[in-house]
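Listed below are the residues making up each chain.
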2 protein chains.
Amino acid sequence: MSYAELTHAELAALRESLEQEYARHCAKELALNMARGKPAAAQLELSLPLLDTVDASSDLFAEDGTDCRNYGVMDGIPEAKRLMASIMDHDPRNVCVFGNSSLNIMYDLVSHGFLHGYLGEKPWRELKDVSWLCPVPGYDRHFAITELFGIKMIPVRMNENGPDMDEIEALVRENDAIKGIWCVPQYSNPGGVTYSNDTVARLASMPCAATDFRIFWDNAYCVHHLYDTRQAHVADIAEACEKAGNPNRYFKFASTSKVTFPGAGIAAVAASEENIAQIKKRVSIQTVGYDKINQLRHVRFLKDAQGISEHMKKHAEIIRPKFELVARMLEEGLSDTGCASWSNPDGGYFVSFDGLPNTAKRTVALAKGAGVTMTGAGATWPYKEDPEDSNIRIAPTLPPLEELEQAMEVFVCCVKLAAIESLLA
Amino acid sequence: MSYAELTHAELAALRESLEQEYARHCAKELALNMARGKPAAAQLELSLPLLDTVDASSDLFAEDGTDCRNYGVMDGIPEAKRLMASIMDHDPRNVCVFGNSSLNIMYDLVSHGFLHGYLGEKPWRELKDVSWLCPVPGYDRHFAITELFGIKMIPVRMNENGPDMDEIEALVRENDAIKGIWCVPQYSNPGGVTYSNDTVARLASMPCAATDFRIFWDNAYCVHHLYDTRQAHVADIAEACEKAGNPNRYFKFASTSKVTFPGAGIAAVAASEENIAQIKKRVSIQTVGYDKINQLRHVRFLKDAQGISEHMKKHAEIIRPKFELVARMLEEGLSDTGCASWSNPDGGYFVSFDGLPNTAKRTVALAKGAGVTMTGAGATWPYKEDPEDSNIRIAPTLPPLEELEQAMEVFVCCVKLAAIESLLA
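Just so it is clear, the model here is predicted, and its values are computed rather than measured.

Draft legend 1. Spotlight on the pattern of salt bridges. Residue and element names in this part refer to chain A. Counted by the stated rule, this structure contains 32 salt bridges over all chains. For D75, the salt bridge goes to K280, with nearest N and O atoms at 3.2 Å. Here the residue D75 occupies a position in the loop between α2 (41-46) and α3 (78-88), and K280 occupies one in helix α9 (residues 273-286), the gap between them amounting to 205 residues. With relative accessibility at 29%, the residue K280 sits in the partly exposed group. In this structure, D198 and R202 form a salt bridge, with 3.7 Å as the shortest nitrogen-oxygen distance. In this pair, D198 and R202 are both assigned in helix α7 (residues 197-205), four residues apart and thus about one turn of the helix distant. Owing to a relative accessible area of 47%, D198 belongs among the partly exposed residues under this scheme. Salt bridges here are not isolated pairs; linked through shared partners, they connect D166, E169, D198 and R202.

See below:
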């Protein structure tokens, strides 16, 4: 029965019973974590053979003759560029494979716009105001970068097709301080939304007052499907931008952090020829080159797009049951209450959860008190300020199934308790 | 016989014979390279066992229980911090081990001062003028970073004790736009100079108009000795700065790029507790962490300071004969001419060569014409502008001995030819 239909007395009674349940959870002294999108140990084991692809007796030369042990090659060995290009829908010539972190490449590109400016445009540090579009709910580490640079972040609501394009078009048409947008276009973090073809086309073609407007296209989950039969494939932003006559508008990012090893993967950026030329020029000052031996390992282990696809199916087998468990427990525990909604993603790493307004912080605090760490409430919004205090990101991949079940029991209890507290307040 | 004592006719005759020799070199169609400080293939082979320290069956947990395969740990696993601390003369708690490139850490720290400011000081982007001290001859990649940020570079002459401290003290006392200095304090690039204790103490204690002045202490060759019996060990800048009451004045850098594999090594920064805290804060926004598996490889292969020292002796055995060959050929070919001087380093990767004024560019061009690539003339000065056009950096490590001998024959011939052309002009 929906909480909204309960009397004050019925709610108070329910609260008492939930408080008892909560006390029982606390007594278990759990220490469970659903905070970050980390692969589980079983997933990491899938990539152990990668460590055997290179040893002291290996051929350590790239296909173009580069000695991968020595200095040289700024933008990745050819076979690594081809591998990353295959999952980024891009011409390998305009892909750079760098170090282990796509986030670091994004940071460097925001820094680049700020310090040096894109393609001859004025560096943003010389401007009075710089703003950025932040689809919400979104990824806290994206927001942390733009916040560090003092860039004003403008939240834009996500819907089932991506960010609200009417709002975005109206904003960028008028305001030349808006220099970019954060996008996780496929299985978005945390909503699991894949941008529709129409959304991609409108982002690519919309008139922008800022001639140096950039779409930061973080396709972090491009091959991270949960189901064989329901695989999203977001339209290619590069093709759309070219078609619209805005070939320099986007930067695409991808990495193998959640394909092989987080921290020991390889990351890449793909862009127009002009953008890539400018990136290479700056990077050649920034470093003498990235880890080419690790690029070799990845090519030898993953081989090609087909190899990656097969490998990702093994990941899906491990994490799909976790997502299904979360969906089932939310459904069973909360669907009747009328006080929550959540996403049922076909890929990616997260479930986006919305409780009643003004309950997210309380829910996360209650869970913490019972030994279950969630992503902080508000983290999915710029400045960690969720105006409704309703959104919580659930990251189900790290805990083993049994622990996840315990954690979700606690979470459901906390959601209900926070909802009733709010209704009774 | 010194060229200065020759008559015009004698010089002209010598030129003709040198031109004939030069033509013979050109006819060989050589393709030799003494441009960059790259280890030779034989040196790279020394570290191949590093690749066997981690395989699919390895324990991949750090000593504190961290799963090195997954996300987490921003500043390096404890055993990697200890390893790098041992060659950096530093407390491991204030060492961060990051990715493969110490140059990238330096770039990020210049960027940090520029964008965000150090320890609450005003970011340099808000200042009208920012200047930097550049000991010359120096490292071109250092100068490229400060040039990219539009920082005005002030050359300061090196002598046998390090940079000219009288000049530096006078400059930093008056000019608060001077925010830093590039230093390669041991076996300097390219001069091979190790800063004297007095130089270190003066750098640490000199009054600076800029309260956010920083010494970028790139101890790239801290363990790169050529001789067992003549090992330099530069005084600890951290200790000197603490003693002088300027504990935040320095950043120390080191890497294993020329210990294990260039590009696939590990790099570190060491600094005061306050500086390290600020670095960690920024880096935690910039990336989700660096390659901890590669850190494990390095710890397991190099073990400790003693292990590194033993390993570096093997490097020395390979490159010492190359340095000795260069010294011998310069001595035999040029000492009588009175038109050249050069360094005889006990470590590091370079020989610094000075010809007559206005001959360096011509010498390098002549060598290029005969198939021998040198570092560009001027590269050892900011903006690539050597006011005397006399300094050339010789990098003898990459070519095998036999090729090096050929290359040096060509070089000596070109030096003499350029000198005589200049004397006859």
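What follows picks up the thread again.
Draft legend 2. Looking closely at the relation of the copies chain B and chain A. Superposition of chain B onto chain A requires a rotation of 180° combined with a translation of 0.0 Å along the rotation axis, giving an RMSD of 0.0 Å. The symmetry that links the two subunits is that of a two-fold axis. A shared interface surface links the copies, since 100% of the contact residues of chain B are contact residues in chain A too.

Draft legend 3. Structural view of the packing of aromatic side chains. Counted under the stated rule, the structure contains 32 aromatic pairs over all chains. Here the aromatic rings of W124(A) and W132(A) are separated by 5.8 Å at their centres, their planes lie at 70°, and the arrangement is edge-to-face. Take W124(A) and W132(A): they sit in the same class, and that class is buried. Pairing W132(A) with F216(A) gives two aromatic rings, centres 5.2 Å apart and planes at 70°, and the pair type is edge-to-face. Of the two residues, W132(A) is situated in strand β3 (residues 131-136) and F216(A) in strand β7 (residues 214-218); the sequence distance between them amounts to 84 residues. Taken individually, W132(A) and F216(A) each receive the classification buried, so the pair is uniform in this respect. Of the aromatic side chains, those joined through ring pairs into one cluster are Y118(A), W124(A), W132(A), W182(A), F216(A), F251(A) and F253(A). For R230(B), the ring lying beneath its charged end belongs to Y227(B), and the centroid distance is 4.3 Å.

Draft legend 4. Representation of the interface of chain B and chain A within the structure. Tallying the contact residues gives 54 residues for chain B and 54 residues for chain A. Between chain B and chain A the total buried area reaches about 4,600 Å² when both faces are included, carbon and sulfur atoms providing 58% of it. Across the chain B-chain A interface, the total number found is zero salt bridges. Our count for the contact surface shared by chain B and chain A stands at 15 residue pairs in polar contact (both at pLDDT 80 or more). Put simply, the parts of the chain that give the side of chain B that touches chain A at least two residues each are α2 (41-46), α4 (102-115), α5 (140-148), α9 (273-286) and α10 (292-302) of chain B. No other element matches α4(B), which puts seven residues into the side of chain B that touches chain A. When grouped by side-chain class, the residues that make up the side of chain B that touches chain A number 27 nonpolar, 14 polar and 13 charged.

Draft legend 5. How the structure looks around the nonpolar core. One finds F216(A) and F216(B) to be the most contacted residues of the largest nonpolar core, which totals 76 residues. Beyond its immediate chain neighbours, meaning those up to four positions away, F216(A) contacts M106(A), L109(A), V110(A), Y118(A), W132(A), I181(A), W182(A), C183(A), F251(A) and F253(A).

Draft legend 6. Broad picture of helix α12 (residues 360-369) of chain B. Residue and element names in this part refer to chain B. Buried residues of α12: A360, T363, V364, L366 and A367, and no others. Taken end-on, α12 shows its buried residues confined to a sector of 160°, consistent with a single buried face. Seen from the buried face of α12, the exposed residues on the opposite side, beyond 90 degrees, are K361, K368 and G369. Contact partners of the buried residues in α12: α1 (8-27), β12 (372-374), β13 (391-394) and α13 (401-424).

The rules behind these values
Residues numbered from 1 in each chain as written. Chains lettered and ligands numbered in written order. Predicted model: local features only at pLDDT ≥ 70, side-chain atom pairs only at ≥ 80, totals over all residues. Heavy atoms only, no water. Salt bridge = Lys/Arg side-chain N within 4 Å of Asp/Glu carboxyl O. Helix = DSSP H or I, 4+ residues; strand = E, 2+ residues; numbered from the N terminus. Buried < 20%, exposed > 50% of the residue type's maximum accessible area, 1.4 Å probe, protein only. Least-squares fit on C-alpha atoms with pLDDT ≥ 70 in both. Contact = heavy atoms within 4.5 Å. Phe/Tyr/Trp six-rings, centres within 6.5 Å; stacked < 30°, edge-to-face > 60°. Lys NZ or Arg CZ within 6 Å of the ring centre and 35° of its normal. Buried area = accessible area lost by both parts, 1.4 Å probe. Polar contact = N/O pair within 3.5 Å; in protein donor to acceptor, adjacent residues only side chain to side chain. Nonpolar A, V, L, I, M, F, W, Y, C, P; charged D, E, K, R; others polar. Core = buried A, V, L, I, M, F, W, Y, C linked by side-chain atoms within 4.5 Å. Arc of directions from axis to C-beta.

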